[in-house]
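Descriptive structure summary
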Amino acid sequence: MKIMIASDIHGSEFYCKKLIDAYKAEGAERLVILGDILYHGPRNDLPEGYAPKKVIDLLNAIKNDLLCVRGNCDTEVDQMVLDFPILADYAILTAGSRLVYATHGHNFNESNLPPLKKGDILLHGHTHVPKCVEHENYVYLNPGSVSIPKENSWHGYMILENSNFTWKNLAGETMMNY
């Protein structure tokens, strides 16, 4: 199965459209969103094309393809307008024989680990910085941000296919592999 993983749309219709175009171009079977879907948050500037109501329409149109976890900017009122669940704190995926603990990153992260076994993968957004860090007992992966990348990173996403992770920019160009 080919899975696209993205995080931190923050209400940008402009970048949400680009993400959905990339999703279709990739031919992925599911889109995992690691939180912060509609609101930009008090620490971020407005992203380009900030239009949360339009993001609602774009994502509701592909609701059966989505698996989402709750970000620190996602609330119950957001759930009232989205036709797919967004309030779970985490989701469990697999990459071959490895467990992937997918969360937003504001609660569970490298400083506060969820229950992981040796070899598991901690996958989260929140920092807006793409990462791949191999720790002694686990691997930490971050797709970066769709709309507000930080630390000179790119607007992008990840692809999980055949136990391999690939970071791409929204034009579909490969930026990193694991």
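Presented here is a report on the structure given in the accompanying data block.

1. Some remarks on the nonpolar core
In terms of nonpolar packing, the biggest core is built from 27 residues, with Met 4, Leu 19, Leu 31, Ile 37 and Leu 59 touching the most fellow members. Membership of the second largest hydrophobic core comes to 19 residues, among which are Ile 5, Val 69, Leu 93 and Phe 165.

2. What to know about the sheet that holds strand S4 (residues 90-95)
Taken in spatial order, the five strands make up an open sheet running S4-S5-S6-S8-S7, and their pairing is mixed. Edge strands, defined here as strands with exactly one partner in the open sheet, are S4 and strand S7 (131-134). Here the strands of the sheet are splayed against their neighbours by 20 degrees on average, with no regard to which way each runs. For strand S5 (residues 98-103) and strand S6 (residues 120-124), the ladder comprises four bridges, and the chain directions are parallel. Each bridged residue has a counterpart across the sheet, and for Val 100 the counterpart in S6 is Ile 121.

3. A look at the pairing of strand S10 (residues 164-169)
Counted residue by residue, S10 has five buried out of six residues, so it is predominantly covered. As paired strands, strand S9 (residues 156-161) and S10 are joined by six bridges and run antiparallel to one another. Paired with Met 158 across the bridge in S10 is Trp 167. If you look at the hairpin formed by S9 and S10, you'll find two residues sitting between the two strands, and Asn 162 has a positive phi there, around 50 degrees.

4. With respect to unusual backbone geometry
Its identity as a non-glycine residue notwithstanding, His 10 has a phi of 50 degrees, on the positive side. Tracing the backbone through its elements, the reader meets His 10 in the loop between strand S1 (3-6) and helix H1 (13-26).

5. Digging into the packing of aromatic side chains
What characterises a pair of aromatic rings is the spacing of the ring centres plus the angle enclosed by the ring planes. Using the criterion set out here, one finds four aromatic pairs in the structure. Seen in terms of ring centroids, Tyr 101 and Phe 108 are 5.8 Å apart; in terms of plane orientation they differ by 80 degrees. Their pairing is edge-to-face. The interplanar angle of 35 degrees and the centroid separation of 6.5 Å between the aromatic rings of Phe 165 and Tyr 178 together place this pair among those described as tilted. One end of the pair, Phe 165, is in strand S10; the other, Tyr 178, is in the segment after strand S11 (174-177), with 13 residues separating them in the sequence. Overall, Tyr 178 belongs to the partly exposed group, its relative accessible area being 24%. Among the aromatic residues, those joined into a ring-pair cluster are Tyr 90, Tyr 101 and Phe 108.

6. Here we look at the sheet that holds strand S3 (residues 66-68)
Spatially, S3-S2-S1-S9-S10-S11 is the arrangement adopted by the six strands of the open sheet, whose pairing is mixed. What marks the edges here is a single partner per strand, and that holds for S3 and S11. On average, each strand axis in the sheet is tilted by 25 degrees relative to the strand beside it, whichever way the strands run. Two strands pair when backbone bridges link them, and S10 and S11 are joined in this way by three bridges, in the antiparallel orientation. The residue of S11 that forms the bridge with Lys 168 is Thr 174.

Quick notes on the rules
- Residues numbered from 1 in each chain as written.
- Predicted model: local features only at pLDDT ≥ 70, side-chain atom pairs only at ≥ 80, totals over all residues.
- Heavy atoms only, no water.
- Core = buried A, V, L, I, M, F, W, Y, C linked by side-chain atoms within 4.5 Å.
- Buried < 20%, exposed > 50% of the residue type's maximum accessible area, 1.4 Å probe, protein only.
- Pairing = 2+ DSSP bridges.
- Helix = DSSP H or I, 4+ residues; strand = E, 2+ residues; numbered from the N terminus.
- Axes fitted to C-alpha atoms, helices over the stretch in contact; angles between N-to-C directions.
- Phe/Tyr/Trp six-rings, centres within 6.5 Å; stacked < 30°, edge-to-face > 60°.

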